[in-house]
Amino acid sequence: MTETPQVVVYPPAEDGDRRVRVASRFVGMAYTLYDIVEFLRRAGSEDVEPADVASADWVEWWGAGPDVWAPPGT
């Protein structure tokens, strides 16, 4: 596997999606762990699985962990 860049997953927005930054670049809005896996694949990290994203120390989860994909207050 190539070196995996630092990932930041922002708190859930009003519609439940989460902004994702890979290294210093915003890469999109994620609705599931699979979306983050796809962003990483596009960045060159092809061997990453959803379980890796949920537990890796190179992923920072802001506001809520990997199991939260709903709007705040729901």
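So, here's what we can say about the structure.

### Considerations on the pairing of strand β2 (residues 18-22)
Alright, step 1. Only one face of β2 is buried, namely the one carrying R18, V20 and V22, since none of R19 and R21 on the opposite face is buried.
Alright, step 2. Summarising the sheet, strand β1 (residues 7-9) and β2 pair through three bridges and their orientation is antiparallel. Paired with V8 across the two strands is R21, which belongs to β2.
Alright, step 3. Bridge analysis of β2 against strand β3 (residues 25-30) gives five bridges, and the strand direction is antiparallel. Following the sheet pairing, V20 is matched in β3 by G28.
Alright, step 4. Joining the antiparallel neighbours β2 and β3 is a turn of two residues, in which A23 adopts a positive phi near 60°.

### Concerning the environment of W62
Alright, step 1. Mapped onto the elements of the fold, W62 is located in the segment after β4 (59-61).
Alright, step 2. Sequence separation between W62 and A30 is 32 residues; the distance between their C-alpha atoms is 13 Å.
Alright, step 3. Once you skip the residues sitting within four places of it in the chain, W62 turns out to touch V8, V9, Y10, P11, R18 and R21.
Alright, step 4. For W62, the side chain forms a polar contact with the side chain of E60, separated by 3.0 Å.

### Let's talk about the packing of aromatic side chains
Alright, step 1. Applying the stated criterion to the full structure yields two aromatic pairs.
Alright, step 2. Aromatic pair Y10 and W62: ring centres 4.8 Å apart, planes at 70°, arrangement edge-to-face. Of the two residues, Y10 sits in the loop between β1 and β2 while W62 sits in the segment after β4, which places them 52 residues apart along the sequence.
Alright, step 3. Of note, R19 hangs over the ring of Y10, and the distance from its end group to the ring centre comes to 5.9 Å.

Cut-off values and rules
Residues numbered from 1 in each chain as written. Predicted model: local features only at pLDDT ≥ 70, side-chain atom pairs only at ≥ 80, totals over all residues. Heavy atoms only, no water. Buried < 20%, exposed > 50% of the residue type's maximum accessible area, 1.4 Å probe, protein only. Helix = DSSP H or I, 4+ residues; strand = E, 2+ residues; numbered from the N terminus. Pairing = 2+ DSSP bridges. Contact = heavy atoms within 4.5 Å. Polar contact = N/O pair within 3.5 Å; in protein donor to acceptor, adjacent residues only side chain to side chain. Phe/Tyr/Trp six-rings, centres within 6.5 Å; stacked < 30°, edge-to-face > 60°. Lys NZ or Arg CZ within 6 Å of the ring centre and 35° of its normal.

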